[in-house]
2 protein chains.
Amino acid sequence: MVGRLAADSIERRSGVSLWRQIADKILHAIAIGDFAENAPLPPEVALAERYGVNRHTVRSAIAALVQEGVLRAEQGRGTFVLSRKRLSYPIGARTRFSTGLQGQTTERHIVLLASSVEPASQRVAEGLGLARGAEVIRLETRGEADGRPVSRAAGWFDARRFAGIDAAMAETGSITASLARFGIDDYLRQSTVLSARHADAADLADLDLQPGAIVLVTVAVNVTPDGQPIQFSESRFPAERVELKLSAL
Amino acid sequence: MVGRLAADSIERRSGVSLWRQIADKILHAIAIGDFAENAPLPPEVALAERYGVNRHTVRSAIAALVQEGVLRAEQGRGTFVLSRKRLSYPIGARTRFSTGLQGQTTERHIVLLASSVEPASQRVAEGLGLARGAEVIRLETRGEADGRPVSRAAGWFDARRFAGIDAAMAETGSITASLARFGIDDYLRQSTVLSARHADAADLADLDLQPGAIVLVTVAVNVTPDGQPIQFSESRFPAERVELKLSAL
DNA sequence: TAAATTTGTCTATTGATATAGACAATTATA
DNA sequence: TATAATTGTCTATATCAATAGACAAATTTA
């Protein structure tokens, strides 16, 4: 065998501090089950040796995760994993927020943060099959499950066809229910483009993240069963709390 | 309209240095067409004001992107955008490396970096429907397009059924061609789970990334048309060079 | 109870990060 | 050919990040 396996290695002088990198590693270790929930983490000295850094650096990483609510440190006893598992958000032909998280969460809902009417940008117009500058309604929403933010989305709709969808959304708290009021009883995911980046200040505030966090970004178009585009959306998911499970589209 | 749009804001004391955050912002701005290709970036003083940092901090960000091959700085003239567009890697029922990037690239191939026979870990065994500890062949590969690394993957195969696939892979440079030698003339993507994280040291080396970069991670299972699992894989894509386009699975 | 284990706090030192200002070098423009 | 605009280099300073060591405080274990 040639080659080497990805070691528990870190990068110095990277623009990302060591404590942040180690916090990421601990999160990852929890996510893949390396560190069990409600169990103690290895002691700080062991972690320091494992990652090849000073104990104080490990302490900075742990402090950040305690701040995030992932760990709890108890003097004399140890540091314990609190974190719930990463949610698995299904993306498929019929991608729906609420139904997708059933079974993994006891409660979930969408909050309408803001809405506005605006001229369609180039990409929105293309996605919806409208002329550039045509009036569209934008809904800014946040998805929450068991009290934690799990998504932050902007959705655009043809303003002529869906006038009043903002009010419907505020009332029902559901895209699916709101569309039903306009005679849309079914819709399909036509396309999804996926990328990732660092969370910006808006993401940090909206998703209750710590600086340095990563967000998954999806840009999607939903259509009626006969192919008419009805919704263009861009969603952000906190990578530390959500993974995307791609099923049959 | 309530709410605010994502501003050009940055986070201090975040564990991610300002120059890295600004480099990310510039990359993003290029990706969404804010800064056109082959056109000059705004001058350093303008960027510094725009992002609310010192000119030298902007210079650090630009230096990193010059190092990455995204920008070219010319004294007295300006700093220019070189970057090729982000590749759009399709993921669907028949996900194939080479065909997926046709049209976007002139050349692409897979390099076999290493191979080994090993006992199946828990997740590999589950994915392939084998007993834990059963012998599997692991292929470590890198996908390259137009001379740039675009993916880094580990694939696992049942060692009994696919003995010699490592040699076939080394010879053909294609998973599809290698599987064909074992009578597999078609295979389908059964499941894909997607996440994102910071690149670790191995990713940086393998994908020629700068520290602080983000990688998209997919964990997938391929099956024969009648549902037999044949390949379990974990792939990493550099988020700054690749986006994933989900098509009909 | 005593010893061992583990987290918490403090001081000190070094290097990386970020700001600030001045000026040189190169190129485009009036 | 000046002048302006822009990137490149240098010095200096303050703060953050990381290492190092010592010891306190709390808890568990022998």
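Residues numbered from 1 in each chain as written. Chains lettered and ligands numbered in written order. Predicted model: local features only at pLDDT ≥ 70, side-chain atom pairs only at ≥ 80, totals over all residues. Heavy atoms only, no water.

**A word on the domain arrangement of chain A**
Residues and elements named next belong to chain A. Under the domain assignment used here, chain A contains domain 1 (18–81) and domain 2 (87–246). In this structure, domain 1 and domain 2 have C-alpha centres spaced 34 Å apart. In this complex, domain 1 contributes four residues to the contact, which on the side of domain 2 involves four residues. Carbon and sulfur atoms supply 47% of the area buried between domain 1 and domain 2, which totals about 430 Å² over both sides. When the buried area of domain 1 at its contact with domain 2 is split by residue, Arg-20, Leu-27 and Glu-68 rank highest and sum to 75% of it. Linking domain 1 to domain 2 there are zero salt bridges. Applying the counting rule to domain 1 against domain 2 returns zero residue pairs in polar contact (both at pLDDT 80 or more). Of all the secondary-structure elements, those providing two or more residues to the side of domain 1 that touches domain 2 are α1 (18–31) and α3 (55–68). (Domains from an automatic or database assignment. Contact = heavy atoms within 4.5 Å. Buried area = accessible area lost by both parts, 1.4 Å probe. Salt bridge = Lys/Arg side-chain N within 4 Å of Asp/Glu carboxyl O. Polar contact = N/O pair within 3.5 Å; in protein donor to acceptor, adjacent residues only side chain to side chain. Helix = DSSP H or I, 4+ residues; strand = E, 2+ residues; numbered from the N terminus.)

**Examining the protein's contact with DNA strand D**
Taken together, the neighbourhood of DNA strand D is formed by 24 residues, with Leu-18, Trp-19, His-56 and Thr-57 of chain A together with Arg-55 of chain B sitting nearest. Taking His-56 of chain A, its side chain carries an N or O atom lying 2.4 Å from a base oxygen of DNA strand D. Within the side chain of Gln-75 of chain A, a nitrogen or oxygen atom sits 2.9 Å from a base nitrogen of DNA strand D. Taken together, the elements giving at least two residues each to the surface near DNA strand D come down to α1 and α3 of chain A together with α3 (55–68), β1 (71–74) and β2 (78–81) of chain B. (Near = heavy atom within 4 Å.)

**Re empty space enclosed by the protein**
One water molecule sets the probe size; rolling that probe over the atoms shows where empty space is left. Under the criterion given, the structure shown has two cavities of 30 Å³ or more. Each pocket or cavity is described by its volume, and for the largest cavity that value is around 50 Å³. In terms of lining, the largest cavity is formed by Glu-11, Ser-14, Val-16 and Gln-21 of chain A together with His-198, Ala-199, Leu-204, Pro-211, Gly-212 and Ala-213 of chain B. Class assignment for the residues of the lining of the largest cavity results in five nonpolar, four polar and one charged. (1 Å grid on protein atoms, 1.4 Å probe; cavity = no way out; pocket = protein on both sides within 12 Å on 5 of 7 lines; lining within 4 Å. Points joined across faces, edges and corners; volume = space filled by probe spheres on them. Nonpolar A, V, L, I, M, F, W, Y, C, P; charged D, E, K, R; others polar.)

**Thoughts on the environment of Asp-208 of chain A**
Residue and element names in this part refer to chain A. Within the secondary structure, Asp-208 is located in the loop between α8 (201–207) and β8 (214–223). Residue classification places Asp-208 among the exposed residues on the basis of a relative accessible area of 55%. Sequence spacing of Asp-208 and Val-150 is 58 residues, and the spatial spacing of their C-alpha atoms is 9.5 Å. If we skip the residues at most four places from it in the chain, Asp-208 touches Pro-149, Asp-203 and Arg-241. (Buried < 20%, exposed > 50% of the residue type's maximum accessible area, 1.4 Å probe, protein only.)

**Quick look at the interface of chain A and chain B**
The interface of chain A with chain B comprises 50 residues on the first partner and 51 residues on the second. Both sides of the chain A and chain B interface together cover about 4200 Å² of buried area, and 62% of this is carbon and sulfur. Connecting chain A to chain B are zero salt bridges. Run the count over chain A and chain B and you get eight residue pairs in polar contact (both at pLDDT 80 or more).

**Observations regarding the nonpolar core**
Counting 58 residues, the largest nonpolar core has Leu-179, Leu-216 and Leu-244 of chain A together with Leu-179, Leu-216 and Leu-244 of chain B as its most contacted members. Contact partners of Leu-179 of chain B, with chain neighbours within four places excluded, come to Phe-157, Phe-162, Ile-165, Ile-184, Tyr-187 and Ile-230 of chain B. (Core = buried A, V, L, I, M, F, W, Y, C linked by side-chain atoms within 4.5 Å.)

**A look at the pattern of salt bridges**
In total, this model carries 36 salt bridges over all chains according to the counting rule given. Glu-144 of chain A is the partner of Arg-142 of chain A in a salt bridge, and the nearest nitrogen-oxygen pair spans 2.9 Å. Taken individually, Arg-142 of chain A and Glu-144 of chain A each receive the classification buried, so the pair is uniform in this respect. Between Glu-44 of chain B and Arg-55 of chain B there is a salt bridge; the shortest N-O distance is 2.8 Å. With Glu-44 of chain B in helix α2 (residues 44–51) and Arg-55 of chain B in helix α3, the pair connects residues that are eleven residues apart, well separated along the chain. Exposure remark for Arg-55 of chain B: the relative accessible area of 38% places this residue in the partly exposed category. The network of salt bridges with shared partners includes Glu-118, Arg-138, Glu-140, Arg-152 and Asp-206 of chain A.

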